[in-house]
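Chains, contacts and geometry: an overview
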Amino acid sequence: MELEQEKQEQKPLEKIWAEIACEAERESINYYAKEMAYWQQCERENKHNETLSQWYKYFYTVAKIELEAANERLKEYRKSAS
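Below or above, wherever it landed, is the structure these notes cover.

**Concerning the nonpolar core**
Counting residues in hydrophobic clusters, the biggest one holds 8 residues: Cys-22, Ile-29, Tyr-32, Met-36, Ala-63, Leu-67, Ala-70 and Leu-74. Mapped by element, the contributors of at least two residues to this core are α2 (13-45) and α3 (50-81). Each residue touching Leu-74, except ones within four places of it in the same chain, is listed here: Cys-22, Glu-25, Arg-26 and Ile-29.

Written out as structure tokens, the structure reads:
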């Protein structure tokens, strides 16, 4: 009887994986947000150097795209976890 109750209380592997993935995506989002802030600061500090400024804008844009992708994945994982 206890074994049956334990089975009912256990979460399916898909839900466990989704919860772990949610945490990982939150960490990714935090990382990309910090990276965006860093590149934006670098770009502001080097406005006078057009070449560096363009590179920093590029890296900022890449980080923004990755952040948006991580947000979308997080939404999907949250759906799976619930």
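Back to the write-up after that little detour.
**Remarks on the side chain of Ser-53**
Looking at where Ser-53 falls in the secondary structure, it is placed in helix α3. Taking the relative accessible area as the measure of exposure, Ser-53 reaches 4% and is therefore buried. When neighbours within four sequence positions are excluded, Ser-53 is seen to be in contact with Glu-43 and Asn-46.

**With respect to the environment of Lys-11**
As for its placement among the helices and strands, Lys-11 is situated in the loop between α1 (2-9) and α2. Once the C-alpha coordinates of Lys-11 and Ala-81 are considered, the two residues, 70 residues apart in sequence, prove to be 9.8 Å apart. In contact with Lys-11, not counting residues within four places along its chain, are Ile-16 and Glu-19.

**Details of the pattern of salt bridges**
Here the structure, examined in full by the defined rule, presents 4 salt bridges. With a closest N to O distance of 2.9 Å, Glu-25 and Arg-73 form a salt bridge. Residue Glu-25 is found in helix α2, and its partner Arg-73 is found in helix α3; the two are separated by 48 residues along the sequence. Take Glu-25: its relative accessible area is 8%, and that puts it in the buried class. Glu-76 is the salt-bridge partner of Lys-79, the closest N and O atoms lying 3.7 Å from each other. Here Lys-79 and its partner Glu-76 are both found in helix α3, 3 residues apart, which amounts to about one turn of the helix. According to the relative accessible area criterion, Lys-79 is exposed, its value standing at 60%.

Cut-off values and rules
- Residues numbered from 1 in each chain as written.
- Predicted model: local features only at pLDDT ≥ 70, side-chain atom pairs only at ≥ 80, totals over all residues.
- Heavy atoms only, no water.
- Core = buried A, V, L, I, M, F, W, Y, C linked by side-chain atoms within 4.5 Å.
- Buried < 20%, exposed > 50% of the residue type's maximum accessible area, 1.4 Å probe, protein only.
- Helix = DSSP H or I, 4+ residues; strand = E, 2+ residues; numbered from the N terminus.
- Contact = heavy atoms within 4.5 Å.
- Salt bridge = Lys/Arg side-chain N within 4 Å of Asp/Glu carboxyl O.

By themselves these figures say nothing about function.
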